Amino acid sequence: MALDYKLVIWNSFKKQYDKIIAVSMLLYIVVFAIVTFTFNPESSIETLIIRAFGSLAIVMLHIILAIGPLSRLNDQFLPILYNRRHLGVSMFFAALVHGGFSMFQFHALGDVHPIYSLFASNMDYNSLINFPFQVLGFLALLILFAMAATSHDFFLANLSARVWKRLHMLVYVAYVLIIAHVFLGTFQQETSPFTIGFLILGFITISGLHLAAAFKERKTDSNKTEEDEGWIKVCTVDEIENDRAKVFKLANDRVAIFKYDGKLAAIHNVCKHQGGPLGEGKIIDGCVTCPWHGYQYLPNNGQSPPPYTEKVATYQLRLKDAIIYINPNALEEGTEVEPVYF
Amino acid sequence: MAKKEFYVSYVEGSLGTKTKVTLKRFVWICLGFTIAGAFLFSFFQKPFKNSTFELTNTTNITGTFHQSPYPMLRVKVAEGTYKNIVLLGFGKSSANPYLDNLLAQEKDLHGKILSISGNLIYYNGKTLLQITDAEKVKLEDQNGKVPKKEFLGEMVFEGEIIDPKCYFGVMKPGFGKIHRSCAVRCISGGIPPVLATTDKNSIAEYYLLTDLQGKPINDEVLSFIGKPSEIKGIVDKLEDWYILKIDPKNILILNKNSSIY
Ligand code: HEM
Ligand code: FES
């Protein structure tokens, strides 16, 4: 796994994407500042920075959290998913400005260390309305830091995809912590139905999208299979598009059955990079190409073409009267299987 | 479904037209969401007080030093009218360490005239001065008159304990839940605790808190800071300030929204 992270390269699309992120963030801060100084000119610059960057971070977090389910619902969103990392790192920097300024404002230049002060200045941990809400923001910032720091594929390669994925699932923990941070903090004092409503609507939208995506996945999983003497009857050849796959759930694993060049081949559905759904990919230049970041695997042996070294499990297929049967026992990752001709 | 678009980052031109339309639409929606967020979070902030902290401006003031029990400077503002300026240290600290140099020469500074350069903090008739450098505290040759305490009796107030440095200028908002941790740090660092109250006519009044002996009180009130409370104590008037002598055991936290917001 030495070369793979060079795969995610810079291109003009990526640069445009970054430009949109930078301009939007700038626009946010400018709008926030203009509105504040127009309607509330007694504000202080520190409060402006703390509030503008904190609220910017949470707005960005909503967009980040929407991209995952949106691209599961509609593969036209995949180009954004492909580049979600830059959005995540930018959001972390917005949160860092907010958290850093808050730490300095509220905890520095005192009689104890600022981090100690963060945890100990308000000890009402057993109260809801008086809860030390800043601690929640701090924990969320630590998670965002860990994610931003390991976002590069170098860490993905060295941490193993599973550990990396788990680490990055913590974004949901961070989201919950931040929502609690705002509801138990600012909203206790700066209570406005509009900002509260904004975050409630945001929460409903994000959960709605995740539920819809999960529902769609369940539907795929219910693609009918039938057992026949140890082999599982899955579908007919016609049901699969050329150069594409259909995904079936066998016991605990999802398997993608590809149809290409008059052949059929089955491989494990999970990409070794970040767990992308290979079955939603396409055969390009004879290789299964992952829809998320374009990692490739040969359909007949589940191996990435040299110099890459990723391997996924393969499965044996059998064809009878144009009906496809699969052996549910996965073969060792990278095992050569004679494709089935139809 | 015949020709589904399939984007691969390293394949030039694989970004299909339909995908581009979807992406553009998504970008516009996100932009709208972002601007709506910026507008809502900025527009619906509560009004800030017109309190002031002259961070970058130094002012020299001369007056009679007294410790009642917190360090203050009594300054003449007009014939027969005096203002007592509360002295504070840099950051979240007391002014006392900045007076140590002078205390080494002079046993007692009470009643001595000092001239001090620092940053002014002011709001609603009250003025405070931040000292950032012990060198900027100079002892003048004369003695001055310290203010007389006037006994007013036992009273009960509803209000919130604040740190006067932030409340009267350094931070916005300098009270309530958002600011509590900072106020705890300030008062723990030696800044005098102040009870801010508003009466039925929304007239605000401020009381420097001391213990029943009239000594500084800091750590004992930390858990009450920034929470609307009812406080009973003995009131002395000290020209333009009130001193409230309390027993922290008599502080009652009220479960209601603060009236000083
Ligand atoms: C070290 C970590 C953090 C600290 C010390 C901290 C502290 C604070 C403080 C003191 C406030 C109240 C400010 C005010 O209303 O005047 C606040 C509000 C807020 N924080 Fe944090 N925070 C931290 C991390 C985060 C993170 C990681 C996020 C989100 C990504 C976040 C999002 C927000 C939001 C959205 C608000 C409400 C903004 C507003 O007032 O309009 N905070 N935080
Ligand atoms: S290429 Fe990244 S998940 Fe498959």
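The structure we're discussing is the one just above.
Residues numbered from 1 in each chain as written. Chains lettered and ligands numbered in written order. Predicted model: local features only at pLDDT ≥ 70, side-chain atom pairs only at ≥ 80, totals over all residues. Heavy atoms only, no water.

A closer look at the sheet that holds strand β10 (residues 204–210) of chain B
Residue and element names in this part refer to chain B. Note the following rule: For two strands to be treated as a pair, DSSP must find at least two bridges joining them. For the purposes of this entry, the term helix denotes a DSSP run of H or I that reaches at least four residues, the term strand denotes a run of E that reaches at least two, and both are numbered from the N terminus. Angular values range over 0 to 180 degrees, each being the angle between N-to-C directions of two axes fitted as lines to C-alpha atoms, with helices fitted over their stretch in contact.
The mixed closed barrel is built from five strands, whose spatial order is β8-β9-β10-β12-β11. Within the sheet, the average angular offset between the axes of one strand and its neighbour, ignoring direction, is 50°. Relative to strand β9 (residues 194–198), strand β8 (residues 149–162) runs antiparallel, the two being bridged by four bridges. Bridged to Ile161 within β9 is Leu195.

What to know about the coordination of the iron atom of ligand 1
Ideal geometry at a metal centre: 109.5 degrees between donors when four sit tetrahedrally, and 90 or 180 degrees when six sit octahedrally. Residues and elements named next belong to chain A. We count it as follows: Each metal's donors are the N, O and S atoms within 2.8 Å of it, or within 3.2 Å when it is Na, K or Ca, and because water is not part of the set, sites may look incomplete. Under this scheme a four-donor centre is tetrahedral when all angles range from 85 to 135 degrees, a four-donor centre is square planar and a six-donor centre octahedral when opposite donors are above 155 degrees with the rest from 65 to 115, and any other centre is irregular. For the exposure calls, accessible area comes from a 1.4 Å probe over protein chains only, and a residue counts as buried if that area is under 20% of its type's maximum, exposed if over 50%, partly exposed in between.
Bound to the iron atom of ligand 1 are the protein donor atoms His98 (NE2) and His181 (NE2), situated 1.9 to 2.0 Å from the metal. Taken together, the six donor atoms coordinating the iron atom of ligand 1 span angles of 87 to 180° at the metal, a pattern that classifies the geometry as octahedral. Of this pair, His98 sits in helix α4 (residues 84–107) while His181 sits in helix α9 (residues 171–184); the two residues are 83 residues apart in sequence, bridging distant segments of the chain. Taken individually, His98 and His181 each receive the classification buried, so the pair is uniform in this respect.

What to know about the site of ligand 1
Heads up, the rule is: Near residues are defined by distance, with any heavy atom within 4 Å of the molecule or strand qualifying the residue. Any pair of N or O atoms that falls within 3.5 Å is considered a polar contact. Within protein, one atom must be able to donate a hydrogen and the other to accept it, and sequence-neighbouring residues count only if both atoms are side-chain atoms. The method works on a 1 Å grid over the protein atoms by themselves. A cavity is a set of points holding a 1.4 Å probe that cannot get out, a pocket is an open set with protein on both sides within 12 Å along at least five of seven lines, and residues with an atom within 4 Å of a point line them. A cavity or pocket is said to hold a molecule if more than half of that molecule's atoms lie within 2 Å of its grid points.
Around ligand 1, a shell composed of 23 residues is seen, among which A:Arg51, A:His98, A:Phe106, A:His181 and A:Thr186 lie nearest. Mapping the residues adjacent to ligand 1 onto the chains of the assembly identifies chains A and B. Between A:His98 and ligand 1, the recorded distance is 2.7 Å, taken from a side-chain N or O atom to a nitrogen atom. Contact distances for ligand 1 include 3.4 Å between an oxygen atom and a side-chain N or O atom of A:Thr186. If you map ligand 1 onto the pockets, it falls in the second largest pocket. Of all the secondary structure elements, the ones that give two or more residues to the shell around ligand 1 are α2 (45–73), α4, α6 (133–149) and α9 of chain A. The dominant element in the shell around ligand 1, judged by the number of residues it contributes, is α2(A), at six residues.

Considerations on the layout of surface pockets
This is how the line gets drawn: Grid points are joined across faces, edges and corners, and a volume is the space filled by probe spheres set on the points. Classes in brief: Ala, Val, Leu, Ile, Met, Phe, Trp, Tyr, Cys and Pro nonpolar; Asp, Glu, Lys and Arg charged; the others, Gly included, polar.
By volume, the second largest pocket amounts to about 820 Å³. Around the second largest pocket, the lining is made up of 42 residues, and of these A:Ile50, A:Gly54, A:His98, A:His181 and A:Thr186 lie nearest the centre. Mapped by element, the contributors of at least two residues to the lining of the second largest pocket are α2, α4, α6, α9 and α10 (186–189) of chain A together with α1 (17–43) and α4 (176–188) of chain B. Here the lining of the second largest pocket gets nine residues from one element, more than from any other, and that element is α2(A). Here the residues of the lining of the second largest pocket are counted per class, giving 24 nonpolar, 15 polar and three charged.

Section: α4(B)
All names here are of chain B. Inclusion rule: By definition here, a helix of n residues has an expected span of 1.5 Å times n minus one.
The end-to-end C-alpha distance of α4, which contains 13 residues, comes to 17 Å, matching closely the 18 Å that a straight helix rising 1.5 Å per residue would cover. With respect to burial, α4 is a largely interior element, 13 of its 13 residues being buried. Of the residues trailing α4, Gly190 is marked for its positive phi of about 110°.

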